[in-house]
Amino acid sequence: MSQPIGSTVLYEVEDAIATITMNRPEARNALSMALQRDLSAALARADADDAVRVVILTGAGKAFTAGVDLKEFGQIGGQTEGDADGERPDIWQAIEACTKPIIGAVNGPAITGGFEVALACDVLVAGRSARFADTHGRVGVLPGAGLSQRLSRAIGIYRAKYLSLTGNFLDGQTAFDWGLVSHVVDDDTLMETAGQIARDMLGLQPHMLPAMKKVIDDGFAMTFGDAMPMESERSRAQIREADAWRGAGEAFSGVRDRGREQNG
């Protein structure tokens, strides 16, 4: 059963999977201040909930998100560094801060800031209606939430330059061919596919999902030479910790067995 978070987001948890739906279909889920606040709150809730292990992020209606709400942006004079309370919610930081894997189920357009939301997810699944575009150059604003850096790392610098320097749209099938999304499926099976991927993730041991996500993300931000020893050290540390817990468990079992013998 979906629960509203604020006025712009729906939140539902079932079988350890939280589904977060941006819910401004009449505005193609444009990222108003309210939506940014509500989405940040939903992500924080999912991250803090031990019953949630995987998150699916999608949009209501026929769009993932059309990006920053340009109408609202114009009304506040482009003051994106502060809202009425003096602080702008940073949904991209909220996505990055979530320790649970986030599957972006992209239905329809993901444009500019919406493209940045998609790129911040861990896995992307596209419906056939999905369209990606970087129109920062057309509106005269440089990317500020990672698009210029993440996109080139995802699809290669030349393809990324093509998209950003033209503002042209990328369809779901081409996004799959270029390696941006893991699946492209019919729109009516998009959420089913995202759900199956989430269930596949639940097959991992619970502590491994955040650990695997973090070691991949941290290594991706390093040079290869720095990332390899980082991975090796974390692996050794995890093995040492597992050995310590195993030793404690064996010791406890020994005490318990001796107690049974004495009471027997």
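Preceding block: the structure.
Below: a short report on this structure.

1. A closer look at the pairing of strand 2 (residues 9–14)
Two faces make up the sheet, and in a regular strand the side chains alternate between them. In this structure, strand 1 (residues 3–5) lies alongside strand 2, joined through three bridges in antiparallel fashion. Directly across from Q3, in strand 2, lies its bridge partner Y11. Counting the residues that bridge the hairpin from strand 1 to strand 2 gives three residues, and of these G6 lies at a positive phi of roughly 65°. Taken together, strand 2 and the strand that follows it, strand 3 (residues 17–22), pair antiparallel across an intervening segment of two residues, in which D15 is found at a positive phi of about 55°.

2. Some details on the packing of helix 4 (residues 113–120) against helix 6 (residues 147–155)
The geometry of helix 4 relative to helix 6 is characterised by a closest axis approach of 10 Å and an angle of 55° between their N-to-C directions. The angle between helix 4 and helix 6 falls in the class oblique. In terms of crossing hand, the pair formed by helix 4 and helix 6 is left-handed. Counting all contacts with helix 4, which are made through F115, E116, L119 and A120, the residues of helix 6 involved are L147, R150 and L151. Each residue belonging to the contact of helix 4 with helix 6 can be placed in one class, and the counts come to five nonpolar, no polar and two charged.

3. What about the sheet that holds strand 10 (residues 183–185)?
Taken in spatial order, the seven strands line up as 1-2-3-4-5-7-10 in an open sheet, and their pairing is mixed. Because the sheet does not close on itself, it has two edges, and the strands there are strand 1 and strand 10. Ignoring which end each strand starts from, the neighbouring axes of this sheet average 25° apart.

4. Let's talk about the state of the cysteines
Scanning the model with the defined rule gives zero disulfides in all. Of all cysteine sulfurs, the one in C121 lies closest to C98, which takes part in no disulfide; the gap is 9.9 Å. For C98, a relative accessible area of 2% gives the class buried.

5. Digging into the pattern of salt bridges
Pairing between side chains becomes possible if they bear opposite charge and their charged atoms approach one another. Taken as a whole, this structure holds eight salt bridges when the rule is applied. We note a salt bridge from E96 to R150, for which the minimum N-O separation is 2.2 Å. Here E96, found in helix 3 (residues 91–97), pairs with R150, found in helix 6; they are 54 residues apart in sequence, far enough to count as distant. With relative accessibility at 48%, the residue E96 sits in the partly exposed group. Notably, a salt bridge pairs K214 with D218, separated by 3.1 Å at the nearest N-O pair. Of this pair, K214 and D218 both sit in helix 10 (residues 208–220), four residues apart, roughly one helical turn. Through salt bridges that share partners, K214, D218 and R234 make up one connected network.

Definitions and limits used
- Residues numbered from 1 in each chain as written.
- Predicted model: local features only at pLDDT ≥ 70, side-chain atom pairs only at ≥ 80, totals over all residues.
- Heavy atoms only, no water.
- Pairing = 2+ DSSP bridges.
- Helix = DSSP H or I, 4+ residues; strand = E, 2+ residues; numbered from the N terminus.
- Axes fitted to C-alpha atoms, helices over the stretch in contact; angles between N-to-C directions.
- Parallel < 35°, antiparallel > 145°, perpendicular 65-115°, else oblique.
- Left-handed = near helix turned anticlockwise from the far one by under 90°.
- Contact = heavy atoms within 4.5 Å.
- Nonpolar A, V, L, I, M, F, W, Y, C, P; charged D, E, K, R; others polar.
- Disulfide = S-S within 2.5 Å.
- Buried < 20%, exposed > 50% of the residue type's maximum accessible area, 1.4 Å probe, protein only.
- Salt bridge = Lys/Arg side-chain N within 4 Å of Asp/Glu carboxyl O.

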